Amino acid sequence: MIRKCTALVLVLALLLALAGCGQKAPESSGAESKAESKAESKANSQAAESKEPASSQASESSGGVLRIVTAGKGSGIGFPAGFIGYYERIYSDPALESLARIGEDKSSVEPWLAEEITVDAEALEMKVTLREGISFSDGTPFNADAVVKNWGYYVENGSNRFKNVESFEATGEYEVTAKLTEYDNSTILNTCVEGGWMVSPTFYEENGDDVVYTTPVGTGPFVCESSNLDSEIIYKKNENYWQEGKPYLDGIEITLCSDSTTAMTIFKSGDADIILFPDTTQAQELLEAGYHMLGSADAYFPSTSGFTFSSGVEGSPVSNPDVRKAICYAIDSEAIVEALGGDLYQYTNQLAVPGSETYNDQVAGYSYDPEKAKELLKSAGYGDGLTIKATGSGAGAESFFTLVQAYLAEVGVTLEIDLVDSAVYNAKRMVAGDDNYDGLIILQGAAVKERYFDMFGESPTHYARSMAQYDDVNSLMDVIKFSTDEEEVHTALMDFQTKIIDDYCLIKPMYISGYLMFATDSVADSGLMETHKGWWTPADCKLQ
């Protein structure tokens with residue numbers, strides 16, 4: 001316990017200094033998704049209810065203009081096939097909708113613009129039946145031809161959501177049939193949720209990329225009146241929205257700030273109803289002031305933070321499993337998570353949200369045991385200590401590794417922190433560049449089974465140059481991805497967590513986080529951070 005307190009005290013002053021830094025826009029995840037795709041999905045997805053706060057603009061349960069302020073900026077809001085981050089979807093959700101959505105259980109897929117979606121695993125065919133009577137806000141009919149064109153945009157832009165789709169065509173005015181190259185449990189999720197966001201093909205073909213990227217034209221409850229991605233996005237009510245009686249709001253205004261301090265000033269002055277993406281220090285301040293935190297960290301596609309190892313780099317000290325385990329035993333993970341985010345983060349000892357379908361409560365993980373760490377280092381030939389690097393990007397990575405550094409120093413491990421440009425870091429953690437990071441690498445991954453393939457399996461895309469690959473882990477990935485037997489998939493998921501954590505210690509997940517969002521007392525039913533961290537329910541949102 002004395003060592004634990006000492007380590008925390010050593011870094012407290014630095015953490016306080018780092019906390020004062022301005023927040024960057026949220027990092028793009030590059031790959032996005034989750035949910036248990038079902039062979040047959042049923043209709044009517046209504047996003048989860050949430051009672052959240054707002055302004056004095058409206059005393060009624062409908063009407064008024066919802067004002068949102070944020071320090072995050074998107075590179076484009078009108079062309080989902082080109083999106084690189086989920087925050088772009090938050091900005092475009094008032095206007096754009098998808099064929100299917102994540103259900104209220106945060107794991108199932110339910111139709112939205114589609115009425116029914118079925119997959120025949122034996123015939124390798126997916127059939128999507130669409131709702132009738134829906135139009136895009138520019139009057140273009142929403143039908144099978146529109147879906148075929150939109151899916152074509154994804155394919156043309158190199159989306160990996162259609163990797164197992166051989167072809168697709170309109171087989172009726174409101175029916176689309178896709179031929180598959182192989183069965184994949186994520187097919188509906190990939191093509192109808194992540195790759196299912198629809199834009200007006202007429203607007204796109206008449207205006208081109210530049211206009212469409214800044215002007216979302218979809219089937220949604222609001223119409224984009226104007227947008228400047230350096231300052232604001234203005235939406236007005238779609239009077240011809242397909243859900244009768246909705247939306248309740250008259251409009252939505254999103255103010256885009258260059259830094260989080262300005263966004264906080266606007267929000268606390270009463271000139272905004274919702275603030276998106278405050279940093280953890282600001283979030284704690286808002287909690288203490290009585291503002292309402294929206295949603296929860298485990299909304300679909302939750303981010304898992306921690307670090308990975310360059311376990312596959314020959315000659316690296318961390319290519320030895322005992323060294324990896326020693327590093328994990330040397331740090332007090334729960335204390336670090338508490339110091340970084342308190343109640344804003346959810347501690348985990350594996351690549352899963354506690355209590356979720358992918359969480360194995362039999363995984364032991366690594367408790368704080370510096371003596372065990374020293375024993376393992378000695379048995380690995382590092383009894384006199386060693387020096388390794390830790391690579392990440394941004395103030396958040398620096399705060400995190402500074403805490404880790406203090407703990408490792410007490411067992412004879414010197415950690416050199418190397419902060420690199422975010423573009424360079426993202427390129428090298430993906431399959432790119434000519435060399436590897438050596439040592440510890442900041443973890444950015446999603447705690448959902450559909451994204452495990454980013455790091456594990458036959459062709460991983462994240463950390464693949466650095467992480468060791470094990471045949472028994474890869475074989476489990478095949479079961480998780482292709483099996484139609486739910487029990488077999490569940491067993492494989494449990495074995496997977498045990499192997500990557502307890503057996504091989506390939507990664508060190510430490511906490512689950514989502515986007516931080518707060519509101520005043522009169523915003524209701526926004527759906528922000530409820531079912532999915534990048535989606536909300538503008539049609540249901542009210543000011544009261």
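Our subject is the structure listed above.
Residues numbered from 1 in each chain as written. Predicted model: local features only at pLDDT ≥ 70, side-chain atom pairs only at ≥ 80, totals over all residues. Heavy atoms only, no water.

**Observations regarding the overall build of the chain**
The secondary structure content of the chain amounts to 14 helices and 24 strands. Considering the chain as a whole, with its 544 residues, one finds that 58% of them fall into the buried category. The contacts of the chain with a sequence gap of at least 6 include a subset with a gap of at least 24, amounting to 74%. Put simply, the chain shows about 20,700 Å² of open surface, and 45% of that area lies on carbon and sulfur atoms. (Helix = DSSP H or I, 4+ residues; strand = E, 2+ residues; numbered from the N terminus. Buried < 20%, exposed > 50% of the residue type's maximum accessible area, 1.4 Å probe, protein only. Contact = heavy atoms within 4.5 Å. Areas by Shrake-Rupley, 256 points an atom, 1.4 Å probe, with all protein chains shown as cover.)

**Some remarks on empty space enclosed by the protein**
Scanning the model with the defined rule gives 4 cavities of 30 Å³ or more in all. Empty space within the largest cavity amounts to approximately 100 Å³. Forming the boundary of the largest cavity are 15 residues, of which E97, R101, W536, T537 and P538 lie nearest the centre. Classifying every residue of the lining of the largest cavity gives 9 nonpolar, 2 polar and 4 charged. (1 Å grid on protein atoms, 1.4 Å probe; cavity = no way out; pocket = protein on both sides within 12 Å on 5 of 7 lines; lining within 4 Å. Points joined across faces, edges and corners; volume = space filled by probe spheres on them. Nonpolar A, V, L, I, M, F, W, Y, C, P; charged D, E, K, R; others polar.)

**Notes on the packing of helix α9 (residues 333-341) against helix α11 (residues 395-409)**
Angle between the axes and distance between the axes are the two parameters that describe a pair of packed helices. The geometry of α9 relative to α11 is characterised by a closest axis approach of 10 Å and an angle of 145 degrees between their N-to-C directions. Relative to α11, the crossing made by α9 is right-handed. For the pair α9 and α11, contact is made by A335, I336, A339 and L340 and by S399, F400, L403, V404 and Y407, respectively. Partitioning the contact of α9 with α11 into residue classes produces 8 nonpolar, 1 polar and no charged. (Axes fitted to C-alpha atoms, helices over the stretch in contact; angles between N-to-C directions. Left-handed = near helix turned anticlockwise from the far one by under 90°.)

**Brief notes about the pattern of salt bridges**
Summed over the entire model, instances satisfying the criterion amount to 13 salt bridges. Salt-bridge contacts for E194 lead to R89; the nearest nitrogen and oxygen are separated by 2.8 Å. Placement of E194 in helix α4 (residues 187-194) and of R89 in helix α2 (residues 86-92) is noted, with a sequence separation of 105 residues between them. Each member of the pair, E194 together with R89, is buried. Here the salt bridges share partners, and the residues they tie into one network are E357, K449 and E450. (Salt bridge = Lys/Arg side-chain N within 4 Å of Asp/Glu carboxyl O.)

**Quick notes on the sheet that holds strand β2 (residues 65-70)**
Here 7 strands make up an open sheet; going across it, the order is β11-β12-β13-β2-β14-β22-β15 and the pairing mixed. At either end of the open sheet lies a strand with only one pairing partner, and these are β11 (222-228) and β15 (292-293). Alignment of strand β14 (residues 274-276) against strand β22 (residues 517-519), held across 3 bridges, turns out to be antiparallel. Of the residues in β22, the one forming a bridge with I274 is A519. (Pairing = 2+ DSSP bridges.)

**Brief notes about the environment of L415**
Here L415 shows up in strand β19 (residues 413-419). With relative accessibility at 3%, the residue L415 sits in the buried group. With 26 residues separating them in the primary sequence, L415 and K389 have C-alpha atoms 5.5 Å apart. Excluding residues within four positions of it along the chain, L415 makes contact with I388, K389, A390, F401, V404, Q405, L408 and L440.

**Some points on the packing of helix α8 (residues 321-330) against helix α10 (residues 370-379)**
In contact at an axis separation of 8 Å, α8 and α10 are set at 160 degrees when each is read in the N-to-C sense. Taken as axis vectors, α8 and α10 run roughly antiparallel relative to one another. The interaxial crossing formed by α8 with α10 has left-handed handedness. Across from D322, V323, K325, A326, Y329 and A330 in α8, the residues of α10 making contact are P370, K372, A373, L376, L377 and S379. (Parallel < 35°, antiparallel > 145°, perpendicular 65-115°, else oblique.)

**A short note on unusual backbone geometry**
For the bond running from K246 to P247, omega is 5 degrees, close enough to zero to count as cis. For P247, the position within the fold is in the loop between β12 (232-237) and β13 (251-256). A positive phi angle is found at D525, which is not glycine, with a value near 60 degrees. Taking relative accessible area as the criterion, D525 reaches 13% and is therefore assigned buried. Phi at M529 takes a positive value of approximately 60 degrees, unusual for a residue other than glycine. Relative to the helices and strands, M529 is located in the loop between β23 (523-524) and β24 (542-543). Among the residues examined, M529 registers a relative accessible area of 1% and is labelled buried.

**Remarks on the sheet that holds strand β21 (residues 507-513)**
Ordered by their spatial adjacency, 6 strands build an open sheet running β17-β21-β16-β20-β18-β19, and the pairing between neighbours is mixed. Each end of this open sheet is capped by a strand with a single partner; those strands are β17 (346-347) and β19. The pairing of β17 with β21 spans 2 bridges and is classified as antiparallel. Looking across to β21, one finds that Q346 is bridged to I512.

**Observations regarding helix α3 (residues 144-156)**
Taking 1.5 Å of rise per residue, the 13 residues of α3 would be expected to cover 18 Å, and the 18 Å separating its terminal C-alpha atoms lies within 8% of that figure. Within α3, burial applies to A144, A146, V147, N150, W151, G152, Y153 and Y154. Against the buried residues of α3 lie β7 (125-130), β8 (165-172), β9 (175-180), α4, β10 (197-198) and α5 (201-214). The backbone nitrogen of D145 has a side-chain oxygen 3.2 Å away, supplied by the residue at the start of α3, namely N143. Positive phi appears at G158, one or two residues downstream of α3, with a value of about 75 degrees. (Expected span 1.5 Å × (residues − 1). Polar contact = N/O pair within 3.5 Å; in protein donor to acceptor, adjacent residues only side chain to side chain.)

**Some details on a negative patch on the surface**
Together, E115, E116, E132, D145 and E173 make up a region of like negative charge exposed at the surface. Positionally, E115 belongs in strand β6 (residues 114-120). For E115, a relative accessible area of 45% gives the class partly exposed. (Patch = residues over 30% accessible without salt bridge, like charges linked within 9 Å, V, L, I, M, F, W, Y side chains within 5 Å. Lys, Arg positive; Asp, Glu negative; His and termini not counted. Charge placed at Lys NZ, Arg CZ, Asp CG, Glu CD.)

**Topic: the pairing of β8**
Pairing analysis gives 6 bridges linking β8 to β9, with the strands arranged antiparallel. Counted as the bridge partner of S167 is K179 from β9. As consecutive antiparallel partners, β8 and β9 are separated by 2 residues.

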